[in-house]
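This is what each chain is made of:
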Amino acid sequence: MLSYLARRLAGFVPLLLGISLVSFSVMTLAPGSPVDLMTDLNPKASPEDRIKLEKFYGLDQPLYVQYGLWLGRVVHGDLGTSFSRDRRPVVDKILEALPITVMLNVLELALVLAFAIPIGIHSAARQYSLGDRVTTVLVFIGFATPDFWAALLAMTLFGAELNLLPISGLRSIDYPSMSLLGKIADSVKHLILPVTIAALGGLAGMSRYMRSSMLEVLRQDYVQTARAKGLEERVVLRRHALRNALLPVVTLLGLSIPGLIGGSVIAEQIFSIPGMGRLFFSSVMARDYPVVMGVLMFGAILTLLGNLAADLLYVAVDPRLRKG
């Protein structure tokens with residue numbers, strides 16, 4: 001197992017190099033540049049100022065030189081400095097937004113799993129029943145509903161009309177003066193709408209995967225044999241079918257790990273949550289190359305680790321792979 005892990009981790013190096021090269025090329029070849037945004041709206045900016053800015057940020061160098069300088073800094077653990085006015089290190093910006101996004105996405109994933117797996121099992125065990133048909137209709141509505149539209153409806157209903165839940169940020173203005181219970185209640189109220197909206201799409205997809213996987217397992221001979229032996233249906237489902245039906249879900253869980261830091265751009269942007277998704281969106285709009293590359297590389301590393309985690313979870317769930 002250790003040699004397998006070492007081989008997989010060693011294989012990450014060329015993959016990350018290729019990902020960084022492609023990402024850097026695509027980002028810098030896109031129309032516009034950071035200097036355009038700084039000078040176009042400033043009537044006092046002269047062509048000489050533009051040349052000075054390009055030289056200051058190293059944008060006057062050829063593309064391969066810019067990539068080499070960036071890669072050299074990354075090798076030494078430095079992701080660079082943001083092009084924005086605050087000139088803060090990229091690592092500080094990412095570490096500031098990362099805990100918020102991880103918290104949001106862990107809550108979202110827990111909500112998805114808490115509902116999607118029972119819904120999928122129930123729909124498969126009672127295929128074509130009224131409950132299965134109702135959940136199917138609701139799931140397809142969840143699939144078809146755009147996140148931004150659902151978020152705006154929820155903000156209008158629960159925030160503007162009923163005044164039950166806050167619609168932006170993670171804390172109220174008077175948060176510092178609240179008691180401990182008041183702070184907890186305030187944080188929970190701020191999280192309800194973003195987490196629920198972000199979980200809608202995942203809940204719909206995961207429950208469908210769980211249903212189809214469970215149906216396939218329930219048609220296997222060993223499940224029919226267990227039923228023929230007189231075992232109760234709940235025992236057949238829990239002991240003989242559920243574990244094998246979870247294998248495709250394990251794959252999806254592994255692939256969802258990058259989303260833990262990638263964040264939900266739509267939810268974070270609409271609800272004004274300062275997470276990784278909002279940081280990435282604002283950096284792209286401002287052509288803040290160091291921050292964009294930093295977020296992309298974090299996502300790439302998490303994607304590779306997610307694939308590795310999915311393979312290891314496969315081994316944990318399926319004993320046949322351990323013997324192989």
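Details of the structure are given in the entry above.
Residues numbered from 1 in each chain as written. Predicted model: local features only at pLDDT ≥ 70, side-chain atom pairs only at ≥ 80, totals over all residues. Heavy atoms only, no water.

### Digging into the overall build of the protein chain
Note the following rule: Counting from the N terminus, the helices are DSSP H or I runs at least four residues long and the strands are E runs at least two residues long. Buried means the residue's accessible area, taken with a 1.4 Å probe over protein chains only, is under 20% of the maximum for its type, while exposed means over 50%, and partly exposed covers the values in between. We call two residues in contact whenever any of their non-hydrogen atoms come within 4.5 Å of each other. The protein chains shown are the only cover counted for residues, whose accessible areas, like all others here, come from Shrake-Rupley with a 1.4 Å probe. Charge assignment: positive for Lys and Arg, negative for Asp and Glu; neither His nor the chain ends contribute. We put the charge of a Lys on NZ, of an Arg on CZ, of an Asp on CG and of a Glu on CD.
Counting its regular elements, the protein chain contains 14 helices and zero strands. Each helix and strand of the protein chain, ordered N terminal to C terminal, gives the series α-α-α-α-α-α-α-α-α-α-α-α-α-α. Projected onto its principal axes, the C-alpha positions of the protein chain cover 85 × 55 × 40 Å. In the protein chain, which comprises 324 residues, the share counted as buried stands at 35%. Counting contacts in the protein chain only where the partners sit at least 6 residues apart, residues at least 24 apart contribute 71% of the total. About 18500 Å² of surface is accessible on the protein chain, with carbon and sulfur atoms providing 68% of the total. The centroid of the 30 positive side-chain charges in the protein chain is displaced by 9 Å from the centroid of its 24 negative side-chain charges.

### Some thoughts on the environment of Glu-216
Locating Glu-216 in the fold gives a position in helix α8 (residues 180-218). Here Glu-216 falls in the exposed class, since its relative accessible area comes to 53%. Sequence separation between Glu-216 and Asn-244 is 28 residues; the distance between their C-alpha atoms is 9.7 Å.

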